[in-house]
Every structure is written in structure tokens, then in C-alpha cells.
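The chain contents come next:
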Amino acid sequence: MLDTATVDPGASGVIAGFDHACLSHDDHIVFPELTLRIQQGDRIALLGRSGVGKSTLLEALRLRLDDQSAWCPQANALVPTLSAYHNIYMGRLAHFSRWQNLINLLRPDPTCWQEISELADTLGLDGLLRRQVDQLSGGQQQRVAIARALYQKRPVFIGDEPVASVDPRQGVRLLDLINARHQTCVVALHQRELALAHFDRIIGLDDGRIIIDAPANELSASDLDVLYVTD
Ligand SMILES: Nc1ncnc2c1ncn2[C@@H]1O[C@H](COP(=O)(O)OP(=O)(O)OP(=O)(O)O)[C@@H](O)[C@H]1O
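The rules behind these values
Residues numbered from 1 in each chain as written. Predicted model: local features only at pLDDT ≥ 70, side-chain atom pairs only at ≥ 80, totals over all residues. Pairing = 2+ DSSP bridges. Helix = DSSP H or I, 4+ residues; strand = E, 2+ residues; numbered from the N terminus. Axes fitted to C-alpha atoms, helices over the stretch in contact; angles between N-to-C directions. Contact = placed C-beta atoms within 7 Å. Buried ≥ 20, exposed ≤ 12 C-beta atoms within 10 Å, placed from the backbone. Near = placed C-beta within 6 Å. Nonpolar A, V, L, I, M, F, W, Y, C, P; charged D, E, K, R; others polar.

Draft legend 1. Seen up close, the sheet that holds strand E4 (residues 43-47). The strand order across the open sheet formed by six strands is E5-E6-E7-E4-E8-E9, and the pairing between neighbours is mixed. Unpaired on one side and paired on the other, strand E5 (69-72) and strand E9 (209-215) mark the two borders of the sheet. Averaged over neighbouring strand pairs, the angle between their axes works out to 15 degrees when direction is ignored. The pairing of E4 with strand E8 (residues 201-206) spans four bridges and is classified as parallel. Across the sheet, Ala-45 pairs through a bridge with Ile-202, a residue of E8. Of the strands in this sheet, E5 and strand E6 (156-160) touch helix H5 (residues 138-151), which is tilted by about 170 degrees from E5.

Dropping the structure here:
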């Protein structure tokens with residue numbers, strides 16, 4: 001991914017940003033000239049049609065934030081043949097020694113097991129930790145992906161449609177949980193009502209640029225219609 005400009009993340013509460021940056025996949029330019037500042041404490045919902053560049057922007061942000069970000073990709077980024085426990089544990093692989101990781105693969109470390117069990121319980125995954133991920137439902141897999149990101153224990157949560165495969169009530173609960181554990185969140189969503197109810201700042205993308213960047217309490221669901229108009 002090409003990225004041509006950066007912003008000093010230390011400046012006045014800004015933790016990451018883009019200044020006339022070009023974000024692309026090889027020769028496919030998604031954002032020709034993106035300018036955006038993410039402030040500490042921002043709770044941002046990223047909206048826009050499929051293919052508009054939400055994942056591209058999140059990925060670029062994730063690279064900027066490096067080990068400050070807890071990354072929750074779309075659910076298919078799990079390792080399907082490993083258990084739910086091991087997928088969640090992978091959130092902190094870098095925190096443990098290679099030897100600890102190897103041992104844990106064969107016999108889960110009791111302290112990690114306890115901590116991951118408690119986390120799994122809060123996500124409604126109790127009793128499923130030993131099960132291979134490819135034997136879980138789409139919604140359960142999505143909760144494993146969220147658990148893995150929460151287990152990273154990092155200040156900024158970056159989620160790529162983390163509640164796309166769960167029912168609306170569960171979506172609300174999961175977003176509350178994510179918000180409670182992170183001061184700063186940037187989350188791509190398709191459900192505009194969830195975005196307005198659970199986030200402070202709405203960023204709407206279209207045609208390679210930001211067309212909405214406003215406080216959620218100044219917007220209504222119909223203000224977001226413009227993001228979903230097709231040609
Ligand atoms: N690895 C890649 N190589 C080339 N082009 C890509 C690649 N990944 C995405 N794109 C293109 O970049 C554009 C933005 O894709 P992106 O995945 O960021 O959109 P999105 O808004 O996240 O979509 P969705 O809501 O469907 O997940 C699309 O036109 C897509 O086809």
C-alpha cells in the first residue's frame with residue numbers, strides 16, 4: 001500500500017493522521033489526497049458503500065498506530081483450524097516468549113486460560129473455547145475476532161465491521177463492550193443507526209474522499225443517505 005504523507009502524531013492530542021496522503025493498492029488509487037486527524041478520545045464510525053475504501057483507510061491507520069492499536073479485522077482473518085482459545089491468545093503472541101507460545105499451543109497456560117475464559121464469558125462464548133473456529137457460527141467467529149482484539153489490551157480499537165454478522169441486540173452489547181475498554185475507537189460499520197447511537201464522530205466516505213466528518217449528535221440517519229446513493 002502506497003502512502004505518501006504523514007502527520008506528527010504528537011501534535012495537540014492528534015494520535016494519527018493523514019495530510020494530503022495518497023492511499024492505494026499498487027496502481028489502484030483509493031484515496032488520491034486524504035487529509036484526516038484522529039484525536040485521542042475520538043469514537044469514530046466509518047461509513048460508506050461497499051468498496052468505498054473503509055478497509056483501506058483502517059489498514060493505513062493501523063500501520064500508523066502500530067502497537068498502539070488493537071486490530072479487529074473481518075472475521076475471516078481467524079485461523080480456522082485452531083481453537084477459539086488459541087485464536088484469542090494470538091492477540092498477545094508478541095507479548096510472550098516463543099517458548100511460552102509453543103508450550104501454550106500444546107497445553108494452555110492456566111493464567112492465560114483463566115483470563116481468556118473471563119473475556120470469552122463477557123462475549124457469550126462460554127463453553128466454546130476448545131472448539132475449532134471453523135466449527136463455530138459466523139456470529140461466534142466474529143465474537144472470537146473481537147475477543148482477540150480486546151485481549152491485545154491496546155489503547156486504540158480499530159475494527160473492520162466487527163458486528164456485521166451478529167443480531168442487532170448483540171451488536172449493541174458488543175459495541176458497548178468495545179467502547180468501555182478503549183478510549184479511542186475507529187470502526188467501519190454498515191448499520192447507520194448503530195453508528196449514530198454508539199459513536200461521537202461520523203466519517204462518511206465516497207468517491208475517494210471524506211464527504212461527511214461531523215459529530216454524531218448533529219446528524220440524523222437520513223443525513224447519511226447520501227453515502228448510499230448509487231449511480
Ligand atoms: N489488495 C487489493 N488490491 C487491489 N485493490 C484492492 C485491494 N483491496 C481492495 N482493493 C480495492 O480498493 C477499493 C477499496 O476497497 P476496501 O476493501 O477498502 O473497501 P471497503 O469500503 O472496505 O469495502 P467493504 O465494505 O466491501 O468491506 C475497492 O475498489 C477494492 O476493489
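Draft legend 2. Layout of unusual backbone geometry. Phi is positive for Asp-26, which is not a glycine, with a value near 50 degrees. Inspection of the secondary structure assignment puts Asp-26 in the loop between strand E2 (14-25) and strand E3 (28-39). Even without being a glycine, Asp-207 presents a positive backbone phi close to 50 degrees. For Asp-207, the location among the structural elements is in the loop between E8 and E9. A tally of 10 C-beta atoms within 10 Å means that Asp-207 is categorised as exposed.

Draft legend 3. Structural context of the site of the ligand. The ligand sits among His-25, His-28, Val-30, Gly-48, Ser-50, Gly-51, Val-52, Gly-53, Lys-54, Ser-55 and Thr-56. At the level of secondary structure, the elements contributing two or more residues to the shell around the ligand comprise E3 and helix H1 (54-65). Among the elements that take part in the shell around the ligand, H1 stands out by supplying three residues, more than any other. Residue classes in the shell around the ligand are distributed as two nonpolar, eight polar and one charged.

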